[in-house]
Amino acid sequence: MKIFSAEQLYEADKITLEQQQITTEELMERAGAQIFNWFHERLNGASVPIHIFCGIGNNGGDGLVLGRLLIESGYNVIVYVVNCSDKRSKSFLYNYDLIKNVTKDWPILMKGENDFPEIDPEDIIVDAIFGIGLNRCPDGWVKKLIQHLNAIPAFKLAIDIPSGLFPNTALKDEDAVLRANHTLTFQTPKLAFFLPETAQFAPSFDLLDIGLDREFLVNTKPLAQIISKPEAQNLYKHRERFAHKGTYGHALIVAGSYGKIGAAAISTAATFRIGAGMVTTFIPKCGYSILQTTVPEAMVATDIEEEFISKINVDFEPSAIGVGMGIGKREHTVEALKNLFRNFNSPMVIDADAINLIAENKELLKLLPKNSIITPHPGELQRLVGKWEDDYDKIEKVKKFSMKHEVLVVIKGAHSITIFGDTLYLNSSGNPGMATAGSGDALSGVITGLLSQGYDPLTSCVFGVYMHGFAGDLAVNQMGYEAVMANDIINNIGEAYMMLFAKDQSEGENN
């Protein structure tokens, strides 16, 4: 699934009108009919009052189409026109005339705070004030109207995007954004729905296919790509009948220090669970018995030091390397990391303390192996690329870092984002129950295990992040958010593989 910018969606509209030889008003009628169908399937003629707030642009026109169709079907509808300017779009005026022909109760013209209506909590509010074309924050009485609607505990439905929210630029005034309970968005989701600072305004959404030009949607490079189940299915590599453990690689996990051997154990187990043929874990001496006991399938190599890693020495060429989980930040460990970067050509996942060491020792940046995968949580990311002003600034900083150093970066969090150059991949799996110690160590193991099996770095990232989140979703279904631990995620990787190709009960529905 693709995410396009506002500018790209306007271009899609234009091409659709040309290719399908239809008018803007006909496309708007198509969109309004889709919204009406969504309503009608759920309300089935219920008499609940529906308050539709229409701006005077094309988003308002969509609201007028919806209002007319609902009125024609006997629903209890009150339409308001938010008269915030003297400029009205042609399509708005066209649909304003149409709605006046089907009701004696013409839309209520709102000109200021005195026109704010009283709305019962049991009613429904439809937000069709501003769409993706908004270029400045709502202010004055219109901002107060949005705040008035936000204060009402009624169900609020936004058309295409909550009013006041920009689809792909930074939030400037959160007090001027409608807080929708649900959004009906046209054709593709908006990037704002997936970022920490803005997702709160559109916590859930349905996609409405309004028939935009398919060739444009297929051939245009998107702002971002969403990785969901169909995409993950296409990334999976089927196993050969006569394969053996050597077919799926020999991974090396470099992890752990005194008191943090658990990070090594978690990463190692995840590397196996995702399918690596063999795993050797390199740890300080103090972790030997722990690793041999907790993950007996692993081979264990130890440092000469008892409590930390000082020199990484193994007698094989790894298929992939995962490094950094719990290794600490001692001076000797910095040297060990330098030598690892210099002496090994294996594809590499760099996580946790290894990221912190890179941030604190800039000479390590020059040694970063090309196409390495870096998996920071927000604090580690900030230490690596510097502070950012907002989510969009963060993404731009990571893009520049990725291009400069020729690496992939996974920004961990809800809807983890994989960035490779200027390309974004947003993950659709995962849940708040995965906000637990060791979850990131498990992800590093998952990605390392995929690299070991011969998946390329980009596929290892996007497929690994999806499978990690999918396993977390299965774990939450069994025990709830609060009880999930990192090993529960790992123990559900097998089920995630099984469910990847199982028919979803909700298949065919919008998410």
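Preceding block: the structure.
Residues numbered from 1 in each chain as written. Predicted model: local features only at pLDDT ≥ 70, side-chain atom pairs only at ≥ 80, totals over all residues. Heavy atoms only, no water.

Draft legend 1. Representation of the packing of helix H2 (residues 24–43) against helix H3 (residues 58–72). Following both chains from N to C, one finds H2 and H3 inclined at 55°, their axes separated by 8 Å at the closest point. Classed by the angle they form, the pair H2 and H3 counts as oblique. Crossing hand, H2 versus H3: right-handed. Of the residues in H3, those in contact with Thr-24, Met-28, Glu-29, Ala-31, Gly-32, Ala-33, Ile-35, Phe-36 and Phe-39 of H2 are Asn-58, Gly-61, Asp-62, Val-65, Leu-66, Arg-68, Leu-69 and Leu-70. Class assignment for the residues of the contact of H2 with H3 results in 10 nonpolar, four polar and three charged. (Axes fitted to C-alpha atoms, helices over the stretch in contact; angles between N-to-C directions. Helix = DSSP H or I, 4+ residues; strand = E, 2+ residues; numbered from the N terminus. Parallel < 35°, antiparallel > 145°, perpendicular 65-115°, else oblique. Left-handed = near helix turned anticlockwise from the far one by under 90°. Contact = heavy atoms within 4.5 Å. Nonpolar A, V, L, I, M, F, W, Y, C, P; charged D, E, K, R; others polar.)

Draft legend 2. Looking closely at the layout of surface pockets. Each pocket or cavity is described by its volume, and for the second largest pocket that value is around 970 Å³. Taken together, 35 residues form the lining of the second largest pocket, with Tyr-10, Gly-57, Asn-58, Asn-59 and Gly-133 sitting closest to its centre. Listed by contribution, the elements that provide at least two residues to the lining of the second largest pocket are helix H1 (6–20), H2 and H3. In terms of residue count, the dominant contributor to the lining of the second largest pocket is H1 (five residues). Considering only residue class, the lining of the second largest pocket consists of 18 nonpolar, nine polar and eight charged. (1 Å grid on protein atoms, 1.4 Å probe; cavity = no way out; pocket = protein on both sides within 12 Å on 5 of 7 lines; lining within 4 Å. Points joined across faces, edges and corners; volume = space filled by probe spheres on them.)

Draft legend 3. Region of interest: the packing of aromatic side chains. According to the stated counting rule, one finds 12 aromatic pairs in the structure shown. Arranged with centres 5.9 Å apart and planes meeting at 80°, the rings of Phe-194 and Phe-205 form a pair that is edge-to-face. Of this pair, Phe-194 sits in the loop between strand E7 (182–186) and strand E8 (205–208) while Phe-205 sits in strand E8, and the two are 11 residues apart along the sequence. With respect to burial, Phe-194 and Phe-205 carry one shared label: buried. Within the aromatic cluster, the residues linked to one another by ring pairs are Tyr-236, Tyr-455, Phe-463, Tyr-497 and Phe-501. Taking NZ or CZ as reference, Lys-100 lies 4.6 Å from the ring centre of Trp-106, over its face. Between Lys-237 and the ring centre of Tyr-455, over which it is positioned, the NZ or CZ distance is 5.2 Å. (Phe/Tyr/Trp six-rings, centres within 6.5 Å; stacked < 30°, edge-to-face > 60°. Buried < 20%, exposed > 50% of the residue type's maximum accessible area, 1.4 Å probe, protein only. Lys NZ or Arg CZ within 6 Å of the ring centre and 35° of its normal.)

Draft legend 4. Focus on the sheet that holds strand E6 (residues 155–159). The seven strands are arranged E4-E3-E2-E5-E6-E7-E8 in an open sheet whose pairing can be described as parallel. In this open sheet, the two edge strands, each paired with only one partner strand, are strand E4 (108–110) and E8. When the angles between neighbouring strand axes are averaged without regard to direction, this sheet yields 20°. As paired elements, strand E2 (residues 50–54) and strand E5 (residues 124–128) share five bridges and run parallel to each other. What sits directly across from Phe-53, in E5, is Asp-127. The strands touched by helix H5 (residues 140–151) are E2, strand E3 (77–82), E4, E5 and E6; relative to E3, the strand with the most contacts, the crossing angle is about 150°. (Pairing = 2+ DSSP bridges.)

Draft legend 5. Spotlight on the nonpolar core. Phe-39, Ile-50, Ile-52, Leu-70, Ile-350, Leu-368 and Phe-401 are the most contacted members of the largest nonpolar core, which has 101 residues in total. Here the element with the most residues in this core is H2; it accounts for eight residues. Residues within four places of Phe-39 in sequence aside, it is in contact with Asn-44, Ile-50, Leu-66, Leu-70, Ile-124, Val-126 and Leu-157. Listed in part, the 54 residues of the second largest apolar core include Ile-253, Ile-373, Met-434 and Phe-463. (Core = buried A, V, L, I, M, F, W, Y, C linked by side-chain atoms within 4.5 Å.)

Draft legend 6. Seen up close, unusual backbone geometry. Look at Gln-21: it is not a glycine, yet its phi comes out positive at around 55°. Mapped onto the fold, Gln-21 is located in the loop between H1 and H2. The exposure class assigned to Gln-21 is exposed, which follows from its relative accessible area of 73%. In this model, His-415 sits at a positive phi of 55°, which is unusual for a non-glycine residue. Along the chain, His-415 turns up in the loop between strand E16 (408–411) and strand E17 (417–420).

Draft legend 7. Region of interest: the sheet that holds strand E10 (residues 250–254). Here 11 strands make up an open sheet; going across it, the order is E1-E9-E18-E17-E16-E15-E14-E13-E10-E11-E12 and the pairing mixed. Both outer strands of the open sheet, strand E1 (2–3) and strand E12 (299–302), are each paired with one neighbouring strand and no more. Taken together, the two bridges between E1 and strand E9 (residues 224–227) define a ladder with antiparallel strand orientation. Directly across from Lys-2, in E9, lies its bridge partner Gln-225.

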